Structures are given as structure tokens and as C-alpha cells.
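A closer look at the structure
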Amino acid sequence: MTKHLTQLTSAEIACIWTNYMQDSMSKCVLSYFLQTVEDEDIRPLIQWAYDISCTHIEELTTLFQKEQIPLPTGFTDEDVNVNAPRLYTDAFMLNYLSHMTRVRDAWI
């Protein structure tokens, strides 16, 4: 049986590129939230979302490398100061997580 290797379409590349950028941004925001959250009942939710973003970044990086597509220049740890004073309430952090899951569901 002949194996046919198909390349990703431009729409597929745009989608994984966008997902990479979103997850790299989410990782930065969530790392700040982890440093500043006060309610210990909320921390596991933020950690869970952070872990998902990290996993997605790893999977997308592997896909880019496999397809020999340049890795996007996403957001990095240098783009966020996790030691900055607290800017957001715990309620905002929960609201952020709620909105991000809706956005994520729309892309998948």
C-alpha cells in the first residue's frame, strides 16, 4: 500500500499558529494569576488551565517541527512580571477562565 503524505493547508497552519499564540499568552497570564491568587479554592483551577496551556504548547511545537514549519514567536516568561503587585481580583481570574474556555471551545 502506498503512503500519501499530505501537507497542511494554509487554513490549518493559520489555526495551529493562532492556537500557539493563544496558549503562549494564556501561559503568561495564568503564571501571573498563580502568583497573585488569594483564594486557595481557585488556585487548582488556575493551575489546571496553566497545565493545559503548557501541554498544548508542547504538542503544537512538536507538530510545527514535524511539519518543518517555523515556530511562531509567541509570548514568553519575559513578557510578564509575575512579581508585579496584584492587579486583578480572584473573581476576575475566574471570569477570565470562564471566557477563555468559551473561546477555546469555539476554536476546537
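For the structure itself, look to the data block above.
Worth saying up front: this structure is predicted, and the values here are computed from it rather than measured.

Now for the overall build of the protein. In terms of helices and strands, the protein carries three helices and zero strands. When the helices and strands of the protein are read in sequence order from the N terminus, they spell out α-α-α. Long-range pairs, those at least 24 residues apart, make up 82% of the contacts in the protein with a sequence separation of at least 6. Surface accessibility of the protein: about 7,600 Å² in total, with carbon and sulfur atoms responsible for 57%.

Relative to the 34 Å expected for 24 residues at 1.5 Å per residue, helix α2 (residues 43-66) spans 35 Å between its end C-alpha atoms, a close match to the ideal helical length. All of the buried residues along α2 are I46, A49, Y50, S53, C54, I57, L60, T61 and F64. Once α2 finishes, Q68 follows within two positions and takes phi at roughly 55 degrees, a positive value.

It is worth spelling out the state of the cysteines at this point. For the coordinates displayed, the defined rule picks out zero disulfides. The structure places no disulfide on C54, whose sulfur is separated from the nearest cysteine sulfur, that of C28, by 9.8 Å.

With a phi angle near 55 degrees, Q68 is a residue other than glycine that sits in the positive phi range. Note that Q68 resides in the loop between α2 and α3 (90-107). Q68 sits in the exposed class, given a relative accessible area of 74%.

Parameters and conventions
Residues numbered from 1 in each chain as written. Predicted model: local features only at pLDDT ≥ 70, side-chain atom pairs only at ≥ 80, totals over all residues. Heavy atoms only, no water. Helix = DSSP H or I, 4+ residues; strand = E, 2+ residues; numbered from the N terminus. Contact = heavy atoms within 4.5 Å. Areas by Shrake-Rupley, 256 points an atom, 1.4 Å probe, with all protein chains shown as cover. Expected span 1.5 Å × (residues − 1). Buried < 20%, exposed > 50% of the residue type's maximum accessible area, 1.4 Å probe, protein only. Disulfide = S-S within 2.5 Å.

Function-wise, these values are silent; they only describe arrangement.
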